[in-house]
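One-letter residues, chain by chain:
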Amino acid sequence: MPEMLLELFSEEIPARMQKRASDDLARMTTAALKGVDLEHSGVLTHVTPRRLTLVVAGLPAVQPDRCEEKRGPRVDAPETAIGGFLKANGLTRDQCEERTLDKGTFLFAVIKKRGQKTDIVLAELLSGIIADFPWQKSMRWGDGEMKWVRSLVSVLCLFDGNTVEIKTRNLVPCGNKTWGHRFLAPGSFAVSDFSDYSAKLRSANVILDRDERKKIIITAALRAAEGEGLKLRDDPGLLDEIAGLVEWPQVLIGRIDEAFLDVPDEVLITSMRLHQKYFSLLNVDGTMAPRFIVVANNEAKDGGKAIVAGNERVLRARLSDARFFWEQDRKVSLDTRLRALTDNIFHTKLGTMGQKVTRIEILAANLARFIPECDPDAAKRAAHLAKADLMTEMVYEFPELQGTMGRYYALIEGESEEVA
């Protein structure tokens, strides 16, 4: 049975949008094929930073003949109503069937449609999917007629080895050619089917399968960490994101300036994770190690030395900012920062963040009385300080660290472990 291959080749697709886009393409195609009575044996999608790929196996060469039935007016309806129904369906009265139902006898139009060639059906079907594709965010370019996540460069569409002409609003080129890795294998090449497409992409330094890219990254990262006598910090979310940033992953290990290690581990990890997409490495005892893993999308002739050096330089600047926030925040006590909460609106109908803190204090102190071995005074003090770190530079930069930084600052200021 013939196979259909579609590739939508664009500028870089944001990693966070790739999984949903892949799922949406499969869902929309499956529904559209069902709507035109095209049976198939399976739909498969792949996504890389620059391409969204769809394969449909087991399609028939020709769409099956179809029979549509439309119910019209009652046989004793006014002639104008009957005439309108006949004209709309291109039939005469003799060509309609009369069927008796619970509410009377009605005219029925039975329209037989001969199946079209599948490639003709696919051309229209896929053009509609591309035009209506539901990206969370999209952009316009060129003449502004078309919306896509980033500029769409080309469309590759094959059915049974032959090119299917897909029309798009911006008249994006359509054919049987694709591109390999942007730097390692520039230039386009023709393909004949999915097997040929997948093999040629690999030869052109593109690993199409997202799960395979993830496996390559995690295997190489674990090996690199083990080579340094360290452990890789488990971070499935970061692994997913990085797999969406590279088509030919190359794992390298870099060094963190040990002068930054007096900054809390959570700060270093968060800064590297959010800003630079680096994996953190840990010592055997679980403390932060002065190393990081970076995943490049390029093979370097020098073994990656220049790439590592460049990332180390950028990281020093990032961590210098984090250390500055850490040092500046400790100059102002949490109690002092509470004053700023009175100017911070929590909710228009519920008042300021300062008023919220007062409510939490009262609730915490009262609820603590019902909890064995819970000190109401400590609970009230903890509630009093719980939102203060929202006013720190560190939490402003890294909202994920709210509470975590409050604990560090509370301990530095002499608060008890209970309160911290």
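Numbers given to residues run from 1 along each chain, matching the order in which its sequence is written. Whole-chain, interface and lining totals are the exception, using all residues; otherwise, since this is a predicted model, local features are given only for residues with pLDDT of at least 70 and side-chain atom pairs are given and counted only at 80 or more. Side-chain numbers come from the whole structure's heavy atoms, not from hydrogens or water.

## Remarks on the sheet that holds strand β5 (residues 97-101)
Overall, antiparallel pairing links the three strands, which are arranged β4-β6-β5 in an open sheet. Unpaired on one side and paired on the other, β4 (66-74) and β5 mark the two borders of the sheet. Geometrically, the sheet is characterised by an average inter-axis angle of 35° between neighbouring strands, direction not taken into account. In the sheet, β5 pairs with strand β6 (residues 104-113) via five bridges, with the strands oriented antiparallel. Within β6, the position partnered with Leu-101 by the bridge is Gly-104. We treat two strands as partners when DSSP finds at least two bridges between them. In this text, helices come from DSSP runs of H or I with a minimum length of four residues, and strands from runs of E with a minimum of two, each type numbered from the N-terminal end. Every angle, taken between N-to-C directions, lies between 0 and 180 degrees, and every axis is a line fitted to C-alpha atoms, over only the stretch in contact when it is a helix.

## Remarks on the side chain of Thr-118
Mapping Thr-118 onto the fold places it in helix α3 (residues 118-131). Here a polar contact is taken to be a pair of N or O atoms separated by no more than 3.5 Å, where protein atoms must pair a possible hydrogen donor with a possible acceptor and residues adjacent in sequence count only if both atoms sit in side chains. For Thr-118, the side chain forms a polar contact with the main-chain oxygen of Pro-60, separated by 2.6 Å. The contact criterion used throughout is that any non-hydrogen atoms of two residues lie within 4.5 Å. In this structure Thr-118 touches Leu-38, Pro-60, Ala-61, Val-62, Gln-63 and Phe-159, once residues within four positions along its chain are discounted.

## Concerning the packing of aromatic side chains
Pairing of aromatic rings covers Phe, Tyr and the six-membered ring of Trp, with a centre-to-centre limit of 6.5 Å; geometry is then stacked below 30 degrees between planes, edge-to-face above 60, and tilted otherwise. Under the definition given, this model contains nine aromatic pairs. Ring geometry for Phe-9 and Trp-179: centres 5.4 Å apart, planes at 25°, overall stacked. Taken as a pair, Phe-9 in strand β1 (residues 4-10) and Trp-179 in strand β12 (residues 177-179) lie far apart in primary sequence, 170 residues in all. The classification of residues rests on relative accessible area computed with a 1.4 Å probe and restricted to protein chains. Under 20% of the type maximum is buried, over 50% is exposed, and intermediate values are partly exposed. On the accessibility criterion, Phe-9 (3% relative accessible area) is buried. Between Tyr-278 and Phe-292, the aromatic rings sit 4.5 Å apart at their centres with planes inclined by 20°, giving stacked as the arrangement. One end of the pair, Tyr-278, is in the loop between α7 (265-276) and β16 (279-282); the other, Phe-292, is in strand β17 (residues 288-296), with 14 residues separating them in the sequence. For Phe-292, a relative accessible area of 0% translates into the label buried. Taken together, the aromatic side chains of Phe-133, Trp-135 and Trp-148 make up a single cluster linked through ring pairs. In this scheme, Lys NZ or Arg CZ marks a charge over a ring once it lies within 6 Å of the ring centre and within 35 degrees of the ring normal. Sitting over the ring of Phe-106, Arg-71 keeps its end group 4.6 Å from the ring centre. Lying across the ring of Phe-108, Arg-99 places its NZ or CZ 4.5 Å from the centre.

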